[in-house]
Amino acid sequence: MKLVNASVRFLLFFAGLSAAMQSIAQVPYDRILNANQEPQNWLTYNGGYMSQRHSLLNQLTRDNVENLELKWVLQNQVFGAWQSNPIIVDGIMYVTERPNSVMAVDAVTGRVFWKYRHQNAENARICCGANNRGVAVLNDKVYMGTLDAQLVALDRVNGQVLWQTVVGDVNLAYSVTMAPLAVKDKIMLGVGGGEFGIRGYVVAYDAETGEEAWKTYTIPGPGEPGHDSWEGDDWEHGGAPVWITGSFDPELNLTYWGVGNPGPDWNAGQRPGDNLYSDSAIALVADTGELKWHFQFTPNDAYDYDAVQVPVLADLVWRGEPKKLMMWANRNGYFYVLDRTNGEFLEGKPYVQVNWSSGLDENGRPIPTPQPEGMPTYPGNQGGTNWYPPSFSPSTELFYFSAWENYATIYRAEESEYVPGQAFLGGGFSVLAPSPGAPTIGIGRTNPINNWTDEVGYASLKAMDPQTGEAVWSYNQFDVSDSGMLTTASDLLFTGGREGYFHAIDARTGELIWNVGLGGQIVMAPVTYMVDGVQYVSVISGNSLSTFALRN
Amino acid sequence: MISLQRLFSLRTRIPSKSTLLALGILVAGSPLASAQELGDHTYATEAIERGSRIYSRECALCHGPQGDIVDGVNLRTGLFKTVQSDDELRRVVYAGAGEGQMPAFGLNDTDLNAIVAFIRAGFDPEGVAIRIGDPVRGKSLFDGKGECADCHRVNGIGPRTAPDLSEIGAIRTPSSLQQNLLDPAGAILPINRPIRIVTRSEETVTGRRLNEDTYTVQVIDSNERLRSFRKSDLVSYEISMQPSKAPTTLSSDEVADVVGYLLTLRGQ
């Protein structure tokens, strides 16, 4: 009898389960659109369409952040810079691992539900490491771009491939390292390959089927406006990649993207003209990909100053007038404030030493002052900043990002011939060092000993006031930092650095409140989320994803 | 309380002309035929120069201008993770390695040979002539009149306060060694600059840095003790731009002999 009862209960249980399955929390577009109404989750690469990386959670405060303790660690199984940004949906974290794996992780314990491994084509080519920066989530799917330039759609429950589509030609060194952006019913992403003579683009796919919806080249073709900013056939292999996730303004129905360097990187003389839309911010209509406006930061760039920073959006009263703003600390050393309705230049000032240009004119166009051959150019090749995501706090109305101070490069330009799929760099560079043969800064940090020292460059976290274009405070570190930023409603700023310290800083004053040495370089921004009433903050350091919460 | 800002402002960033010249040619010095085993292989100057251009185009982004940025690899001095022979080098450059960490470059044979030539030549496309003298005479100068052994340790003998030179011939070019003797202030690596620390307990510590980060510094002090300090515990922390050694008073023949001796120091 008991057995029968148990069976009946079992059946009832399953009936209940299948009913529940109909309503399993999914991530429809509306949820992403209103991401700030569910701060317990982290639904997009930058936490929401405005890309502010600002959380409304406030359980962690100035007063208790010292009581943070380590709750769990997820160890990466692959060596190399771990630049992935986790997404958190209803207690489940989706995080990628080099070169192209996705894991679904219990956000409370760090235990892995499933892991998907994408097998990249043998001939995938990436300039700067087998990086992947994360996934997008929409409805019941998880989306990842791959190093061999594909877009993979996974079932978010079991990690199975639902469809897979070719984004670019791997034989021509197209690749994807960025997290896709889900907008309405589409998945959008751009391609890398700016060091290999690609012709960049942003492309959108139907999220259900993987069918291409639109594709907008970042280098205009013959007959299109801006095409005359190139000569001859330079435009066919002029680079202008898009390898960082964009932003979206639903009211304007515009998506915003940062476009990378023109190719060949260091020989601007080989590609006369402004080289549109390299090193630009572009605004594309979400449904059609139509280009609404562009703003070029670095025309005819000779220094690899990709504009692949995150377009950070905010609605502010700016100098007495309500404005829809876009804030941008550019790799070229200038901080910009733009009107994102039309791309109008509002303000721009250098935030580090800049000598490739003597200033900006009234339209924001730089006045070029190229340095004589063999002399150092500031900022250096990795830029005053780079792709590391900034944060804007609506509470402090400050913009936070990692800058590299006192860092310079000596460039050497040479004629280079475009060979399909091969590096197309047009010269080389060396980092300015205090003595011949001295160790210098590289793309990442692999040495526990800093023997290059701050004499070749150091980190400065800057809190910029968009009203003035100037830093209100800065916080320096001895080594440079590729860490992104996270702010919270309680005016905490979380960030890292190459030294592996995880910091909680007062977002108003720049005062260090708490830090812990995690031992490996932090080359992504922290994220925060809440499960069962507990606020967590996660950060990747070296090969470990560490998650903290208050001591019980 | 130490002011980081103040420390940072002590930095001088005006590069000397010699610094810039040296940087401009990646690495100065003579072909490391003497500093790196070439075995049976010889390389044409044109191949080395071609390799230099390919290196800066294809390799320098990850490996760095000195070839020492990737952990466990020093291309200039011949430290590799897996390869030994030239054929293996060519294969790795052609086909990639480390599960995509190093991409496949698919170069043609001429370019592959050129890149190998450049690596095997110790990154020296120009072959600046440095006079290299008699190592035996050089050793006695090093130990005696030159006063090098007063601070430097070689093969287990001598003090540890200055950097150990047991492998210096494998990791430095002849021109760098020469410059260290003639113009130590222009040649000293930043991490080796002398430091002086005063702690809150009023202890004064002199020595040189082994490592440093934002909040701490690791030091070997003048008594050869390994010390680690929190900067917040320091009353003062000074980094001298002047090395503890003055330019040598040895004659140019004697300098050539010492350089010749240093080049024989290639580790045990």
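The preceding data block contains the structure.
Residues numbered from 1 in each chain as written. Chains lettered and ligands numbered in written order. Predicted model: local features only at pLDDT ≥ 70, side-chain atom pairs only at ≥ 80, totals over all residues.

Caption draft 1: Seen up close, the overall build of chain B. Scanning chain B from N- to C-terminus turns up 10 helices and five strands. Put simply, chain B has 268 residues, and 40% of those count as buried. For chain B, long-range pairs separated by at least 24 residues make up 65% of all intrachain contacts whose partners lie at least 6 apart in sequence. (Helix = DSSP H or I, 4+ residues; strand = E, 2+ residues; numbered from the N terminus. Buried ≥ 20, exposed ≤ 12 C-beta atoms within 10 Å, placed from the backbone. Contact = placed C-beta atoms within 7 Å.)

Caption draft 2: Here's a closer look at the overall build of chain A. A tally of helices and strands in chain A yields two helices and 37 strands. Relative to the compact-globule value of 24 Å for 552 residues, chain A shows a C-alpha radius of gyration of 23 Å, a close match. With respect to the principal axes defined by its C-alpha atoms, chain A has extents near 90 × 50 × 50 Å. Across the 552 residues of chain A, 60% fall into the buried class. Contacts in chain A between residues far apart in sequence, at least 24 positions, make up 59% of those at least 6 positions apart. (Rg over C-alpha atoms; globule rule 2.2 N^0.38 Å.)

Caption draft 3: Focus on the interface of chain B and chain A. Listed per partner, the contact involves 46 residues of chain B and 50 residues of chain A. Looking at the side of chain B that touches chain A, the elements that each hand over two or more residues are helix H1 (4–9), helix H2 (17–24), helix H3 (45–63), helix H8 (174–182), helix H9 (184–187) and strand S2 (204–212) of chain B. Considering every element that reaches the side of chain B that touches chain A, the biggest residue donor is H3(B), with seven residues.

Caption draft 4: The arrangement of the pairing of strand S30 (residues 470–477) of chain A in detail. Residue and element names in this part refer to chain A. Examined bridge by bridge, strand S29 (residues 458–465) and S30 share seven bridges and lie antiparallel to one another. Bridge pairing in S30 places Met464 opposite Ala471. Hairpin connection between S29 and S30: a loop of four residues separates the two successive antiparallel strands, and Gly469 in this loop has a positive phi of roughly 75°. (Pairing = 2+ DSSP bridges.)

Caption draft 5: Region of the structure containing the sheet that holds strand S20 (residues 321–329) of chain A. Residue and element names in this part refer to chain A. Here four strands make up an open sheet; going across it, the order is S19-S20-S21-S22 and the pairing antiparallel. Each having just a single partner strand, strand S19 (312–318) and strand S22 (344–350) make up the two edges of the open sheet. Strand-to-strand twist across the sheet, computed as the mean angle between neighbouring axes with direction ignored, equals 30°. Sheet analysis places S20 next to strand S21 (residues 334–339), joined by five bridges and oriented antiparallel. In the sheet register, Met327 faces S21, and the bridge partner there is Val337. (Axes fitted to C-alpha atoms, helices over the stretch in contact; angles between N-to-C directions.)

Caption draft 6: Representation of the sheet that holds strand S2 (residues 68–75) of chain A. Residues and elements named next belong to chain A. One open sheet accounts for four strands, arranged S2-S37-S36-S35; its pairing is antiparallel. The sheet terminates laterally at S2 and strand S35 (527–531), the two strands that pair on one side only. Neighbouring strand axes in the sheet, compared pairwise and without regard to direction, differ in orientation by 30° on average. Here five bridges tie strand S36 (residues 534–541) to strand S37 (residues 544–550), and the two strands are oriented antiparallel to one another. Bridged to Val539 within S37 is Ser546.

Caption draft 7: Representation of the environment of Asp315(A) within the structure. Mapped onto the elements of the fold, Asp315(A) is located in strand S19. Between the alpha carbons of Asp315(A) and Met50(A) there is a distance of 9.6 Å; along the sequence they are 265 residues apart.

Caption draft 8: Looking closely at helix H6 (residues 135–143) of chain B. Residues and elements named next belong to chain B. All buried positions along H6 are accounted for by Gly138, Lys139, Leu141 and Phe142. The buried residues of H6 occupy one face: seen down the axis, they fall within an arc of 165°. In the core, the buried residues of H6 are packed alongside helix H10 (252–262). (Arc of directions from axis to C-beta.)

Caption draft 9: Highlighting the nonpolar core. Formed by 192 residues in total, the largest nonpolar core has its most connected members in Val135(A), Val137(A), Ala182(A) and Ile187(A). If near-sequence neighbours (up to four positions away) are discounted, Ile187(A) is found in contact with Ala136(A), Leu138(A), Tyr143(A), Leu151(A), Pro180(A), Ala182(A), Ala204(A), Tyr205(A) and Ala207(A). If you look at the next biggest cluster of nonpolar residues, it comprises 16 residues, including Ile132(B), Leu141(B), Leu181(B) and Leu262(B). (Core = buried A, V, L, I, M, F, W, Y, C linked by C-beta atoms within 7 Å.)

Caption draft 10: Summary view of unusual backbone geometry. Residue and element names in this part refer to chain A. In this chain, Arg98 is followed by Pro99 through a cis amide linkage whose omega measures -20°. In this structure, Pro99 sits in the loop between strand S4 (92–97) and strand S5 (101–106). With an omega of -10°, the peptide bond running from Tyr378 to Pro379 counts as cis. With respect to the helices and strands, Pro379 occurs in the loop between strand S24 (366–368) and strand S25 (391–393). Despite not being glycine, Asn139 has its phi angle at roughly 50°, a positive value. Position of Asn139 among the secondary structure elements: in the loop between strand S7 (136–138) and strand S8 (141–145). Asn139 sits in the partly exposed class, given 14 other C-beta atoms within 10 Å. Phi is positive for Ala173, which is not a glycine, with a value near 70°. Within the fold, Ala173 resides in the loop between strand S10 (161–166) and strand S11 (181–183). On the neighbour-count criterion, Ala173 (27 C-beta atoms within 10 Å) is buried.

Caption draft 11: Structural detail: the packing of H3(B) against helix H5 (residues 109–120) of chain B. Residue and element names in this part refer to chain B. Following both chains from N to C, one finds H3 and H5 inclined at 95°, their axes separated by 7 Å at the closest point. Taken together, the axes of H3 and H5 lie roughly perpendicular to each other. Between H3 and H5, the contacting residues are Ala47, Ile48, Arg50, Gly51, Ser52, Ile54 and Tyr55 on the first element and Asp111, Asn113, Ala114, Ile115, Ala117 and Phe118 on the second. Residue composition of the contact of H3 with H5, grouped by class: eight nonpolar, three polar and two charged. (Parallel < 35°, antiparallel > 145°, perpendicular 65-115°, else oblique. Nonpolar A, V, L, I, M, F, W, Y, C, P; charged D, E, K, R; others polar.)

Caption draft 12: The arrangement of the packing of H8(B) against H10(B) in detail. All names here are of chain B. For the pair H8 and H10, the least separation of the axes is 10 Å and the interaxial angle reads 130°. Here H8 lies oblique to H10, going by the angle between them. The handedness of the crossing between H8 and H10 comes out as right-handed. Contact with H8, carried on its side by Pro174, Leu177, Gln178, Leu181 and Leu182, involves Val255, Val258, Val259 and Leu262 of H10 and no other residues of that element. For the contact of H8 with H10, the per-class residue count stands at eight nonpolar, one polar and no charged. (Left-handed = near helix turned anticlockwise from the far one by under 90°.)

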